[in-house]
Amino acid sequence: MTIPLSSILQASTPGFALFGFELTDSTVTIAGVAVLVVLMGLSAFFSSSEIAMFSLPDYRTDALADEGRPGASTLKQLKTDPHRLLVTILVGNNLVNIAMSSIATGLLAIYFSQGVAVAGATFGITAVVLLFGESAPKSYAVENTESWALRIARPLKLSGYMLLPLVVTFDFLTRQVNRLTGGQAAIESGYVTRSEIQDMIETGEREGVIEEEEHEMLQRIFRFNKSIAKEVMTPRLDMTAVPVEASIDEAIQTCIQSGHARVPVYEGSLDNVIGVVHIRDLVRDVNYGETEASELELDDLISPTLHVPESKNVDELLTEMREERMHMVIVIDEFGTTEGLITMEDMVEEIVGEILEGGEEMPIDHVEDGAVVQGEVNIHEVNEALEIDLPEGEEFETVAGFVFNRAGRLVEEGEQIEYDGIRITVEEVENTRIKKALLEQVERDEAEEQEGVADAEEL
């Protein structure tokens with residue numbers, strides 16, 4: 001059916017006939033307002049859908065589907081292709097918003113001039129959409145993410161079918177643009193990242209949901225797979241080992257004196273560790289073995305061990321030690337020189353914290369003036385415990401290494417260095433090793449004054 005041109009031209013008059021019906025300005029206005037209300041509801045629907053769908057993490061979607069909640073299977077299906085889902089929401093939202101602006105302009109043009117109608121529709125619809133189509137619906141979706149996502153899943157899927165030609169077109173075009181620009185939509189990456197989990201842990205600790213000890217352990221777990229063998233090992237100077245030519249009694253005595261159940265066995269020097277002996281095997285074979293104690297040699301009781309580079313990731317090393325059923329490995333540098341050793345206990349301590357035995361001292365002992373720290377403690381542990389920010393460099397990992405690096409020479413007991421408001425006083429030196437140091441926070445003015453005095457003395 002065609003509409004006579006005369007009927008169209010009469011649109012600006014008080015009334016005109018369309019499809020056999022007499023339409024007046026008031027009738028058109030009422031119908032237009034009704035359509036605007038419907039479109040505003042659709043705008044609110046699409047806006048809230050975007051927040052609900054992309055605020056709900058994948059693990060909750062899976063959990064809702066496993067629980068058999070109504071709409072959960074549709075919700076999971078939609079989120080399998082987040083890019084297509086986002087395009088569907090954006091296409092629908094933009095269509096209804098543009099339609100609202102066009103209809104509002106036409107309605108205002110009945111009563112006002114063209115310029116006033118355009119300006120009024122632009123600012124009026126923008127204000128209404130921001131309030132009722134964006135702000136309020138999105139706030140509701142944030143507060144009711146799960147329930148709203150389940151409720152809108154099926155209508156959103158139906159919208160995708162109705163807008164299919166547009167959705168497919170814009171989905172293809174946006175993917176091509178991303179490919180040309182070398183970008184990747186953030187929605188295609190995992191919803192839960194490592195940093196987000198760490199942020200949740202920090203928030204949980206502040207809110208009291210996670211205890212301080214739990215917080216520290218969780219943070220150590222995240223740091224564990226970034227650590228290397230050099231950071232975890234017992235250094236060479238602290239190693240207790242026995243030569244292969246030692247007697248069984250000497251090996252037992254070494255284990256007892258050191259307090260270690262296992263000790264490395266070397267041939268010639270510590271750079272040639274050939275295995276490990278356990279005090280259990282030494283005592284058992286001496287007292288209950290079939291071979292005479294006088295004929296038994298240490299070489300007969302040595303178990304093999306691994307030699308790993310100091311740069312090896314401790315997460316991978318732990319897996320390897322478990323697979324090989326080894327409780328001790330030897331750490332070597334790029335030249336094959338023994339740098340230290342790592343035990344299974346060292347690995348566990350990286351997660352649960354220091355495990356002290358007998359008369360062992362605390363690695364970080366809080367005192368009135370600050371904290372007394374053992375020289376071999378890693379700097380990141382000191383930073384966490386004292387809430388300071390000492391630098392961590394490739395040249396050093398420990399407090400002793402930091403002091404040597406700053407001083408540029410061997411230091412003696414009582415010497416002090418300053419760094420960024422932190423005063424480090426060397427309290428104990430054994431041979432050339434820094435055993436203990438006192439860390440104190442000083443006022444900025446005092447620190448600058450002391451640095452000035454030190455510079456003057458150098459001059």
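Counting restarts for each chain: residues are numbered from 1 in the order of the written sequence. The predicted nature of this model means local features are confined to residues of pLDDT at least 70 and side-chain atom pairs, given and counted, to a pLDDT of 80 or more, with totals for whole chains, interfaces and linings taken over all residues. Only hydrogens and water are set aside when side-chain values are computed; all heavy atoms of the structure are taken into account.

A. Structural view of the side chain of Thr254. Here a strand is any run of E in DSSP of at least two residues, a helix any run of H or I of at least four, and the numbering for each starts at the N terminus. Looking at the secondary structure, you find Thr254 in helix H12 (residues 248-258). Here a polar contact is recorded for every N or O atom pair within 3.5 Å, except that within protein the pair must consist of a potential hydrogen donor and a potential acceptor, and residues adjacent in sequence are included only if both atoms are side-chain atoms. A polar contact is formed between the side chain of Thr254 and the backbone oxygen of Glu250, at a distance of 2.9 Å.

B. Highlighting the pairing of strand E14 (residues 433-441). As defined by bridge partners, strand E11 (residues 371-374) adjoins E14 across four bridges and the pair is classed as antiparallel. Bridge pairing in E14 links Val373 to Ala437. Bridge count between strand E13 (residues 422-430) and E14: eight bridges; the pairing is antiparallel. From the neighbouring strand, Thr425 faces E14, where its bridge partner is Leu438. Hairpin connection between E13 and E14: a loop of two residues separates the two successive antiparallel strands, and Asn431 in this loop has a positive phi of roughly 60°. Two strands are counted as paired when DSSP detects at least two bridges linking them.

C. View of the pattern of salt bridges. A pair is scored as a salt bridge if a Lys or Arg side-chain nitrogen falls within 4 Å of a carboxyl oxygen belonging to Asp or Glu. One pass over the full model with this rule turns up 15 salt bridges. Salt-bridge contacts for Lys138 lead to Glu134; the nearest nitrogen and oxygen are separated by 2.9 Å. Taken together, the residues Lys138 and Glu134, both in helix H6 (residues 114-143) and four residues apart, mark about one turn of the helix. Burial classes: relative accessible area under 20% of the type maximum marks a residue as buried, over 50% as exposed, and values in between as partly exposed (1.4 Å probe, protein chains only). With a relative accessible area of 25%, Lys138 lands in the partly exposed category. We classify Glu134 as buried; its relative accessible area is 17%. Note that Lys436 and Glu428 form a salt bridge whose closest N and O atoms lie 4.0 Å from each other.

D. Structural context of the pairing of strand E6 (residues 273-278). Buried residues dominate E6, accounting for five of its six residues. Direction of pairing for strand E5 (residues 262-266) relative to E6: antiparallel, over a ladder of five bridges. Bridging across to E6, Arg262 finds its partner in His278. Connecting E5 to the antiparallel partner E6 that follows it, the hairpin turn spans six residues, and Gly268 within it adopts a positive phi of roughly 90°.

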